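# Structural overview for review
Chain residues, written in single-letter form:
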Amino acid sequence: MRWDAQALSPKRGPASDNSGLSAPGPAPALDALLPLAGLVRSISTPEFSGVTFHEVTAKSVLNKVPSGSAMPFEWTVNPYRGCSHACVYCFARKSHTYLEFDAGQDFDSQVVVKINAAEVLRKELAKPSWKRPQVALGTNTDPYQRAEGRYALMPGIIRALADSGTPFSILTKGTLLARDIPLLKHAATQVPVDLGISLAMTNEDLAELIEPGTPSPRARLKLIARLRDAGLGCGVMAMPILPWLTDSDEALDSLFTALAKAGATGVTAGALYLKPGTREWYMQWLAAQHPELVGKYRRLYGQGSYASKEYRTWLTGRISHFKAKYGFKGTSGFSHRNARPSEASPAPIELGASTPLPGQQTLF
């Protein structure tokens, strides 16, 4: 079926497109989007069962990180809000409540698409006031989630950044990144580029339960290998490590073995972070899938977002052990500040493989 024929009216009741065909009824939670500036239409299609896309025209796509933030980047671009990856543990869930959606099911199923992102970005980067600081992508929701296969926003974004001389970084779980490997190789001859894959487990069955919309761990490992074969560096954010689910020596050994075989240039790993919005959704999932762990998690996390200091110290020790065992000692898996300057005749840029410079921070 034609994508346009799936348009949902921003008003209650059936809509018609330019062909006069009646479209299906209104999208779930659509009322929450009525005050959203730039809403063009909402789309529901069998190809993405259960997901509604809300297409908007953005006035700006460059986001300034608030001063004083601990994040190691100053500017971000997020072409999508909400994410069909549906990772139960996603730290960005609360951001969806700013649109009056909920942080649970709505985050997974109500995806806002900035359809003019590349065009607006190119104009913003052309302003005399733009000093070309690094821009980070994938800091909130994944720019290579499944919808990117339909909307193809990233090629225009990559070209705009590279053509303007702006260094950038991408963190993703999406194997759609492979589509843009030739473009990324060319961009790396123009500006510093930093690529990272998010992968924290090799257990395929668990991954299907806890991050059901993502490509499988096996598929992401193949992506890492493809990036390395293309001469691009690829670090790995092995986060989050899940207490009692993916933190055993067996699970960690399997993960680091796989990352080494795939050719990852570095690894950063750390414990699950349960901020408000994420905590409630994750604990609901845990109660349904692993009720025997609910009490342990409540004791481990208390009323806060972080696991106890004792647990984090223990996990750091285990991660250090496996990093050393598989040749990742002293590496940073991924940092939005790892990008290195281009040369006049640049060799393929390999990022994330060296020890961070003094004062350099990793993403988490």
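Calculation criteria
Here, residues in each chain are numbered from 1, in the same order as that chain's written sequence. With the structure being a predicted model, the display of local features is reserved for residues of pLDDT at least 70 and the display and counting of side-chain atom pairs for 80 or more, all residues being used for whole-chain, interface and lining totals. Neither water nor hydrogens contribute to the side-chain values; these are computed over all heavy atoms in the structure. Numbering of helices and strands runs from the N terminus; a helix is a DSSP stretch of H or I covering at least four residues, while a strand is a stretch of E covering at least two. Working definition: with a 1.4 Å probe on protein chains only, accessible area under 20% of the residue-type maximum means buried, over 50% means exposed, and in between means partly exposed. We call two residues in contact when some of their heavy atoms are within 4.5 Å. In protein, a polar contact means a hydrogen-donor-capable atom and an acceptor-capable atom, both N or O and within 3.5 Å, with residues adjacent in sequence counting only if both atoms are side-chain atoms; elsewhere, any N or O pair within 3.5 Å suffices. On a scale of 0 to 100, pLDDT captures the predictor's confidence in every residue. Given the number of residues in a helix, its expected span is that number minus one, multiplied by 1.5 Å. Read the arc as the range of directions from the helix axis to the C-beta atoms. Pairing between strands is defined by DSSP: at least two bridges between the two strands are required. All axes here are fitted lines through C-alpha atoms, helices being fitted over the stretch that makes contact, and every angle between N-to-C directions spans 0 to 180 degrees. For classification, angles of less than 35 degrees are called roughly parallel, those exceeding 145 degrees roughly antiparallel, those between 65 and 115 degrees roughly perpendicular, and all remaining angles oblique. Only Asp, Glu, Lys and Arg are considered charged, only Ala, Val, Leu, Ile, Met, Phe, Trp, Tyr, Cys and Pro nonpolar, and every remaining residue, Gly among them, polar. Here, the term right-handed applies to a crossover whose path from the first strand over the helix to the second runs clockwise when the strands point away from the viewer. Any two rings among Phe, Tyr and Trp, with Trp reduced to its six-membered ring, count as a pair given centres within 6.5 Å; such a pair is stacked if its planes are under 30 degrees apart, edge-to-face if over 60, and tilted if neither. Should the NZ of a Lys or the CZ of an Arg lie within 6 Å of a ring centre and within 35 degrees of the ring normal, that charge is described as sitting over the ring.

## Side note on the overall build of the chain
- A count of helices and strands for the chain gives 11 helices and 12 strands.
- In the chain, buried positions account for 54% of the 364 residues.
- For the chain, contacts bridging at least 24 residues in sequence account for 75% of all contacts bridging at least 6.

## Concerning the side chain of Thr265
- Relative to the elements of secondary structure, Thr265 occurs in the loop between helix H8 (249-262) and strand S12 (266-271).
- Of the polar contacts made by the side chain of Thr265, one reaches the backbone nitrogen of Gly235; its length is 3.3 Å.

## Concerning unusual backbone geometry
- Here Met239 and Pro240 are connected by a cis peptide whose omega angle stands at 5 degrees.
- Mapped onto the fold, Pro240 is located in strand S11 (residues 235-241).
- Of note in the backbone geometry, Ala86 takes a positive phi value of approximately 60 degrees without being a glycine.
- Residue position: Ala86 is located in the loop between strand S6 (80-81) and helix H1 (105-109).
- In the Ramachandran plot, Glu100 falls in the positive-phi region, its phi being about 65 degrees despite a non-glycine side chain.
- With respect to the helices and strands, the residue Glu100 is situated in the loop between S6 and H1.
- Here Glu100 falls in the exposed class, since its relative accessible area comes to 60%.

## Here's the deal with the confidence of the model for the chain
- Confidence in the prediction of the chain, expressed as mean pLDDT, is 84, and 81% of residues score 70 or more.
- Of the regions scoring below 50 in pLDDT, residues 5-34 engages in 60 contacts with residues more than four places distant in sequence or in other chains.
- pLDDT under 50 marks residues 338-364. Its contacts with residues more than four places away, or in other chains, come to 73 contacts.

## Side note on H8
- With 14 residues, H8 ought to run about 20 Å at 1.5 Å a step, and its terminal C-alpha atoms sit 20 Å apart, in line with that.
- Considered for burial, the residues of H8 that qualify are Leu252, Leu255, Phe256, Ala258, Leu259 and Ala262. Projection of H8 onto a plane perpendicular to its axis shows the buried side chains occupying an angular sector of 160 degrees, all on one side. Opposite its buried face, H8 presents the exposed residues Glu250 and Lys261, each directed more than 90 degrees away.

## Quick notes on the sheet that holds S11
- Ordered by their spatial adjacency, 7 strands build an open sheet running S4-S5-S8-S9-S10-S11-S12, and the pairing between neighbours is mixed. The outermost strands of the open sheet, each flanked by one partner alone, are strand S4 (63-64) and S12.
- When S4 meets strand S5 (residues 75-77), the two strands line up antiparallel, connected through 2 bridges. If you follow Asn63 over to S5, its bridge partner there is Thr76.
- Along the sheet, helix H11 (residues 309-325) contacts S11 and S12; its crossing angle with S12, the most-contacted strand, is approximately 160 degrees.

## A short note on the packing of helix H2 (residues 117-125) against helix H4 (residues 154-163)
- Their axes nearest at 8 Å, the elements H2 and H4 cross at an angle of 10 degrees. In terms of orientation, H2 and H4 fall into the roughly parallel class. Across the interface between the two elements, Ala117, Ala118, Leu121, Arg122 and Leu125 of H2 pack against Gly156, Ile157, Arg159, Ala160, Leu161 and Asp163 of H4.
- Its residues placed into classes, the contact of H2 with H4 shows 7 nonpolar, 1 polar and 3 charged.

## Digging into the pairing of strand S10 (residues 193-198)
- Most of S10 sits inside the fold, with 6 of its 6 residues counted as buried.
- The side-chain alternation of S10 yields two buried faces, one formed by Val193, Leu195 and Ile197 and the other by Asp194, Gly196 and Ser198.
- With 5 bridges joining them, strand S9 (residues 168-172) and S10 adopt parallel strand pairing. Its bridge partner being in S10, Leu171 is matched across the sheet by Gly196.
- In terms of handedness, the path from S9 via helix H5 (residues 181-187) over to S10 forms a crossover that is right-handed.
- Summarising the sheet, S10 and S11 pair through 3 bridges and their orientation is parallel.

## A word on H4
- Of all 10 residues in H4, 7 are buried, a share of seventy percent or more.
- Restricting attention to buried positions, one finds in H4 the residues Met154, Pro155, Ile157, Ile158, Ala160, Leu161 and Ala162.
- Considering only its buried residues, H4 is in contact with S5, H2, strand S8 (135-137), helix H3 (148-151), S9 and H5.
- Phi for Gly165, located one or two positions after H4, is positive at around 80 degrees.

## Things to note about the pairing of strand S7 (residues 110-114)
- Counting buried residues along S7, 5 of its 5 residues qualify, which places the element largely inside the surrounding structure.
- Strand direction decides the pairing type here: strand S3 (residues 52-56) and S7, joined by 5 bridges, are parallel. Among the inter-strand pairings, Phe53 is bridged to a residue of S7, identified as Val111.

## Points about the packing of aromatic side chains
- Within this structure, the stated rule accounts for 11 aromatic pairs.
- When the centroid spacing of 5.0 Å and the interplanar angle of 85 degrees are considered together, the rings of Phe48 and Phe53 count as edge-to-face. Take Phe48 and Phe53: they sit in the same class, and that class is buried.
- Aromatic rings pair up to connect Trp244, Tyr282, Trp285, Tyr297 and Tyr301 into one cluster.
- The aromatic ring of Tyr151 is capped on one face by Arg150, whose charged end is 6.0 Å from the ring centroid.

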